[in-house]
Every structure is written in C-alpha cells, then in structure tokens.
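# A structural walkthrough
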Amino acid sequence: MPVSIYQSVEIPRRGDARGQLAIAELGQALPFPVRRVYWIHDVAARSERGYHAHRQLRQFVVCVAGSVELELTDGKTKETILLDAFSRGVVLGAGVWRVLRNFSPDCILVVLADREYDEADYIRDYAEFLQAFPHA
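First, a word on what this report is: a plain description of the structure on this page.

### A look at the pairing of strand β7 (residues 68-73)
Bridge analysis of β7 against strand β8 (residues 78-83) gives 6 bridges, and the strand direction is antiparallel. Bridge pairing in β8 links E69 to L82. Hairpin geometry of β7 and β8 is characterised by an intervening segment of 4 residues between the two adjacent antiparallel strands and by a positive phi of about 100° at G75. Examined bridge by bridge, β7 and strand β10 (residues 97-101) share 5 bridges and lie antiparallel to one another.

Written out as structure tokens, the structure reads:
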C-alpha cells in the first residue's frame, strides 16, 4: 500500500442538545504548536488557489463549512481529497504541492500553521518545486 503524502486527522467532538464542539489540541489532533491561523472564504465560483509548496512550513487544514478539493503531489504521487467535514482535517508537511479547487459557495477553510508568514518559504514554480524536492 503506498504511503500517503498527507496525514488525515479525526478531530474529536463533544456535544449535547445545546450544540457541538470540535477540539484540536496540541499533541492530539494538532501535531505541532500553532504560530499562525488564517481562513479562506468567499472564493469566487470556479476559482482555484494554492499552486505552491512550502520549504519548511507544516499546516493543519480543516474545512469548517462547505467543501473544497485539495489536489496534492510530492512530485511522484498525486492524491485528491475532498474536505467536507469539520470533524476531519489533514496535516500537510513541507514538500507538498497543493492546488485547491471546487470550493462550495459556503466554504470556510481554516489553516493552522507552525510558522509565521515567510515569502521565502514558498515555492511558486512547479519546476523549482521538483528540483527542491526530487523523488526517485
């Protein structure tokens, strides 16, 4: 069985008649301390985002409303996953090229990162990505 290029994470939930609570704790759903949080929302119809990889950054990505497809590759293996539940997120490590597409109109995608924003950490050219992370 091939090794996945992302880690799927079930997010613990608690709730009762008053509502639900999803919990992402360090050492549980979160495998790293969070240094930055952002969310993507109100994406125009048929828009695609991403088209980059990171040299060092790790991210925990969860769709808290709606749905979105993530197309991921490490340069050798390509996987497409649908994020459509607030109770499941994915961990993306360095060296994973990502494209986000097919955002539902109500999509809210939350990203928790282990580093502050650093433009130098981004690889925005696919050929450069393949050189930076060669795979046999």
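### Observations regarding unusual backbone geometry
One non-glycine residue, D42, adopts positive backbone phi at about 50°. Along the chain, D42 falls in the loop between β4 (36-41) and β5 (49-54). In this structure, R46 is a non-glycine residue whose phi angle is positive, near 65°.

### Here's the deal with the sheet that holds β5
Read from one edge to the other, the open sheet built from 5 strands follows the order β8-β7-β10-β5-β12, with strand pairing classed as antiparallel. The sheet is open, and its two edges are formed by β8 and β12 (122-123), each paired on a single side. Pairing of β5 with β12 involves 2 bridges; the strand directions are antiparallel. Pairing of A53 across the sheet is with I123, part of β12.

### Here's the deal with the sheet that holds strand β9 (residues 88-92)
Spatially, 5 strands are ordered β1-β9-β6-β11-β4 in an open sheet, and the strand pairing comes out antiparallel. Edge strands, defined here as strands with exactly one partner in the open sheet, are β1 (7-10) and β4. Mean inter-strand twist for the sheet, computed between neighbouring axes without regard to direction, equals 25°. Bridge analysis of strand β6 (residues 59-65) against β9 gives 4 bridges, and the strand direction is antiparallel. Within β9, the residue paired with V62 across the bridge is G89.

### Here we look at the packing of aromatic side chains
All told, the structure shown has 5 aromatic pairs when counted by the stated rule. Ring geometry for W97 and F129: centres 5.5 Å apart, planes at 45°, overall tilted. Here the residue W97 occupies a position in strand β10, and F129 occupies one in helix α1 (residues 126-132), the gap between them amounting to 32 residues. Using a relative accessible area of 7% as the deciding quantity, one classes W97 as buried. A residue is classified by how much of its surface remains accessible, and F129, at 0% relative accessible area, is buried.

### Focus: the pattern of salt bridges
Applying the stated criterion across every chain, the model contains 8 salt bridges. Residue E48 pairs with R101 through a salt bridge whose shortest N-O separation is 2.9 Å. Placement of the pair is E48 in the loop between β4 and β5 and R101 in strand β10, with a sequence separation of 53 residues. For R101, a relative accessible area of 19% corresponds to the buried category.

### Quick word on a nonpolar patch on the surface
A contiguous nonpolar surface patch, about 500 Å² in accessible area, is contributed by V34, V37, W39, V64, F86 and I108. Assignment of secondary structure puts V64 in strand β6. Given the relative accessible area of 42%, V64 is considered partly exposed.

Conventions and cut-offs
- Throughout, a residue's number is its position along its own chain's written sequence, starting from 1.
- Reporting of local features is limited, given that this is a predicted model, to residues whose pLDDT is at least 70; pairs of side-chain atoms are given and counted only at 80 or more, and all residues count toward the totals for whole chains, interfaces and linings.
- Side-chain descriptors were evaluated using all non-hydrogen atoms of the structure, hydrogens and water having been removed beforehand.
- Any two strands with at least two DSSP-identified bridges between them are counted as paired.
- The way it works is that DSSP assigns letters per residue, a run of H or I at least four long becomes a helix, a run of E at least two long becomes a strand, and they are numbered from the N terminus.
- The axes are straight lines fitted to the C-alpha atoms, using for helices just the contacting stretch, and the angles between their N-to-C directions are given from 0 to 180°.
- Working definition: rings of Phe, Tyr and Trp (its six-membered ring) pair if their centres are within 6.5 Å, and the pair is stacked with planes under 30 degrees apart, edge-to-face with planes over 60 apart, and tilted otherwise.
- Only protein chains enter the accessibility calculation, which uses a 1.4 Å probe. A residue is then buried if its area is under 20% of the maximum for its type, exposed if over 50%, and partly exposed in between.
- For salt bridges, the criterion is a side-chain nitrogen of Lys or Arg within 4 Å of an Asp or Glu carboxyl oxygen.
- By definition, no residue in a patch forms a salt bridge, and every one has over 30% relative accessible area; like charges are joined within 9 Å, nonpolar side chains (Val, Leu, Ile, Met, Phe, Trp, Tyr) within 5 Å.
- To measure how exposed things are, a 1.4 Å probe is used in the Shrake-Rupley method; for residues, cover is taken only from the protein chains shown.

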